[in-house]
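Chains, contacts and geometry: an overview
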Amino acid sequence: LRADVQELKQSLGSERAARASLEETVRGLVDVKTSHQTCRAQHAALSTRIDYLEQALGQTGERHSEEIQDARNNADLLHGKMAERDRNHASIVKRMEQVERGHSETVERHRGALEATHSQIDELHGRLQQHQTAMKEKEVHHVATVARMECLEKGLSEHANRHIKEL
């Protein structure tokens, strides 16, 4: 508030200086008017023009003061919005850091679980190969056993047929 009051004082000082300058200009015009009394008839509209300029400058000064105040109000509003955005941004940055930390921890956990799973798969693969090898050996043994059984059955059948014929 003090800064605004100070700015308003400075602005008022600037306006006063501008006004003093304008008044000095008006005084100069009045001096010119008095020194050129012979041209007074030709320059009767000069007074009207000066009045118009004074009015226009006064209105311009007022309008500029209002626009400056509006600009200050807008700047204050923007500063408030920027502060809020900065607070939100800081909050988002913290949240992103938490998410990244959590993600990193999850990746490490999953990496360990994945390595353990790969180890188990390798172990199971080894056991499966051993089982397949054992199954092949049993299949070979089974085929040999079936062949031996067929041979024994054939021999036993021939032997039984011979026995039956002898009886």
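Presented here is a report on the structure given in the accompanying data block. In every chain, residue numbers begin from 1 and rise along the written sequence. For a predicted model such as this one, the threshold for reporting local features is a pLDDT of at least 70, and the threshold for listing and counting side-chain atom pairs is 80 or more; totals across whole chains, interfaces and linings nevertheless cover every residue. Excluded from the side-chain calculations are hydrogens and water; all other atoms, namely the structure's heavy atoms, are used.

Numbering of helices and strands runs from the N terminus, with a helix taken as a DSSP run of H or I at least four residues long and a strand as a DSSP run of E at least two residues long. A count of helical and extended segments in the protein chain gives 2 helices and 0 strands. C-alpha atoms define the radius of gyration, and 2.2 Å times the number of residues to the power 0.38 defines the globule rule. In summary, the protein chain has a C-alpha radius of gyration of 55 Å against a globular reference of 15 Å for 167 residues, an excess of more than 25%. Taken along the three principal axes of its C-alpha coordinates, the protein chain extends 180 × 40 × 20 Å. The buried share of the protein chain, taken over its 167 residues, is 3%. Per-residue and other accessible areas were derived by the Shrake-Rupley procedure at a 1.4 Å probe size, with only the shown protein chains allowed to occlude residues. Carbon and sulfur atoms make up 57% of the accessible area of the protein chain, which totals about 15000 Å². The sign given to each residue is positive for Lys and Arg and negative for Asp and Glu; His and the chain ends receive no count. Working definition for charges: the position is that of NZ of Lys, CZ of Arg, CG of Asp or CD of Glu. Taken as two groups, the 25 positive and 28 negative side-chain charges of the protein chain have centres that lie 1 Å from each other. Each residue's exposure class comes from its accessible area (1.4 Å probe, protein chains only) as a fraction of the maximum for that residue type: buried when under 20%, exposed when over 50%, partly exposed otherwise.

Okay, the pattern of salt bridges next. Salt bridge, as applied in this entry: a Lys or Arg side-chain nitrogen positioned within 4 Å of an Asp or Glu carboxyl oxygen. Per the counting criterion, the structure on display carries 7 salt bridges. Between Arg19 and Glu23 there is a salt bridge, and its shortest N-O distance comes to 3.7 Å. Separated by 4 residues within a single helix, Arg19 and Glu23 lie in helix α1 (residues 2-35), roughly one turn from each other. What makes Glu23 partly exposed here is its relative accessible area of 37%. Glu23 serves as the salt-bridge partner of Arg27, at 3.9 Å between the closest nitrogen and oxygen. Of this pair, Arg27 and Glu23 are both found in helix α1, 4 residues apart, which corresponds to roughly one turn of the helix. When salt bridges with common partners are traced through the structure, they connect Arg19, Glu23 and Arg27 into a single cluster.

Turning to the environment of Lys154, a few remarks are in order. Looking at where Lys154 falls in the secondary structure, it is placed in helix α2 (residues 44-166). Residue Lys154 is classed as exposed on the basis of its relative accessible area of 55%. In the structure, Lys154 is positioned 151 residues away from Ala3 in sequence and 121 Å away in space, judged by C-alpha atoms.

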